[in-house]
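An overview of the molecular structure
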Amino acid sequence: MNILLLGSGGREHALAVALAASPRCDELYIAPGNGGTAAVGENVLLDAEDPAAVADFARETGCGLVVIGPEAPLVVGVADAVRAVGIPCFGPGAEGAQVEGSKKFSKELMERAGVPTAAYASFTDEAAALAYVRDQGAPLVVKADGLAAGKGVVVATELSQAEDAVRACFDGAFGKAGATVVIEEMMTGPECSLLAFTDGETVRPMCTSQDHKRALEGDRGPNTGGMGAYAPVPIVTDEEHAAMVDALEKTVAQLHAEGIDYRGCLYGGFMLTPAGPKVLEFNARFGDPETQVVIPRLENDLVEVMLAVAEGRLSEVELRWSDRWAVTVVLTSAGYPGSYEKGKVITGVEDAEAMDDVTVYHAGTALTDAGELVTSGGRVLDVTALGDTFEAARDRAYAACEKIQFEGKTLRHDIGLRALRGRAAWDE
Ligand code: AMP
Ligand code: GLY
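Residues numbered from 1 in each chain as written. Chains lettered and ligands numbered in written order. Predicted model: local features only at pLDDT ≥ 70, side-chain atom pairs only at ≥ 80, totals over all residues. Heavy atoms only, no water.

1. Describing the site of ligand 2
Every residue lining ligand 2 is accounted for by Asp 211, Tyr 267, Asn 283, Arg 285, Gly 287, Asp 288 and Glu 290. Measuring from a nitrogen atom of ligand 2, one finds a side-chain N or O atom of Asp 211 at 2.7 Å. In this structure, Glu 290 approaches ligand 2 through a side-chain N or O atom, which is 2.8 Å from a nitrogen atom. In the complex, 88% of the free accessible area of ligand 2, which totals 200 Å², lies under the protein chains. Split by residue class, the shell around ligand 2 holds one nonpolar, two polar and four charged. (Near = heavy atom within 4 Å. Polar contact = N/O pair within 3.5 Å; in protein donor to acceptor, adjacent residues only side chain to side chain. Areas by Shrake-Rupley, 256 points an atom, 1.4 Å probe, with all protein chains shown as cover. Nonpolar A, V, L, I, M, F, W, Y, C, P; charged D, E, K, R; others polar.)

2. With respect to the pattern of salt bridges
This structure, assessed with the given rule, holds 27 salt bridges. Among the ionic pairs, Glu 12 bridges to Arg 11, the shortest N-O distance being 2.8 Å. Taking the relative accessible area as the measure of exposure, Glu 12 reaches 1% and is therefore buried. Given a relative accessible area of 7%, Arg 11 falls into the buried group. The residue Asp 219 makes a salt bridge to Arg 412 at a minimum N-O spacing of 3.0 Å. One end of the pair, Asp 219, is in the loop between strand 12 (214-216) and strand 13 (220-223); the other, Arg 412, is in the loop between strand 22 (409-410) and helix 14 (417-421), with 193 residues separating them in the sequence. On the basis of relative accessible area, Asp 219 is assigned to the partly exposed category, the value being 28%. Owing to a relative accessible area of 1%, Arg 412 belongs among the buried residues under this scheme. A cluster of three or more residues bridged by salt bridges with shared partners is formed by Asp 219, Arg 412, Asp 414 and Arg 418. (Salt bridge = Lys/Arg side-chain N within 4 Å of Asp/Glu carboxyl O. Buried < 20%, exposed > 50% of the residue type's maximum accessible area, 1.4 Å probe, protein only. Helix = DSSP H or I, 4+ residues; strand = E, 2+ residues; numbered from the N terminus.)

3. Some remarks on the site of ligand 1
Inspection of the region around ligand 1 gives 14 residues, with Lys 143, Glu 184, Met 187, Glu 191 and Glu 281 positioned closest. Here an oxygen atom of ligand 1 sits 2.9 Å away from a polar atom, N or O, in the side chain of Lys 143. Between ligand 1 and Glu 281 there is a distance of 3.2 Å, counted from an oxygen atom to a side-chain nitrogen or oxygen. For ligand 1, whose free accessible area comes to 470 Å², the fraction covered by protein is 88%. For the shell around ligand 1, the class distribution of residues is seven nonpolar, no polar and seven charged.

Following this line, the structure appears as structure tokens:
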């Protein structure tokens, strides 16, 4: 079967490797892909956010499955267009994608479904939002309603920060995404992601994982697209795990009851609060870099699982997970998440991949006409290792990072360290 995968990051490289490994996969097209995906499929130039263009390409190339990596194509209805031409698609339609595309939609859905989440209020009027902020007092969390590339959330410990965040939203800092503002109570505790495959009725949770969003060691500095991740998360109790699964199941059941046919990955971002896990956010897609540690632990054929999701027969599938640990460390360009230089020559990727249980997923790389691998983004490579213990996976990932060089190479050295030290490390 021919397959079209949309996206260009480390998440898509990890999905591409797993899709290409399936005996059911013939041609794998990645649009637009990156320097790594070119080795497992064919990178194609296609506007991934143009529903008609994607549907036409999939039809013309005889694809039997379209997999949507990032949120932007989901929110504009690419999955709807693909399904309308009769091709199975992994990813929710525009209605379902609102779980990520609108924080207000997602909060209201959780309220109706009885899913634990932070208390909140939403506003379309600046004066009313400011009055609410002053009435509540700090700390508070201010969020732009729509997609803001991960930059639309301010955790304000001072009242003035919350006021500034509200003003920034209404002043257009996030364009239309900030026309509605959601203000939440601040929660505390470790964060944990639980992603699930769902065909709109059956929910099959994946393994837990944890991202490291801040740029600097010790979880300081600005938020990034993710500096590293590991799976599974050892500090989660059985009760917490059950509560997270329950939240995902209730959410899918609520969507179903409201006539929204959600087929794809539902990503639950949770905070493990003293009162139990509460939802921080939903994403309508796989996480990046969580995918890079979750998918290598999946023992099923990914094409079969994704087809079952897309065709509404996920109840036929049981997931099987490796009991090994996975750690990914992101190598970034100096300056990221601010401005950074591109086009730096990368060496040592083959040496790193020659190590046992190491895979290097490309996030921001490109091949020059001369065939040289160069940096083309802020997050450059996701150096991923499996191990029989958490320590072994971590040590191996960091040893592999040492083999790779490019000018400006930057990384966090503490990926997974807190989890390794146990739950108490979050209270230090
Ligand atoms: P979101 O995009 O909504 O997941 O928010 C991004 C990050 O902001 C989360 O990963 C948390 O670290 C933090 N955050 C969001 N909402 C809250 C909250 N209600 N309480 C504390 N931290 C939060
Ligand atoms: N790792 C967080 C996200 O993918 O949104």
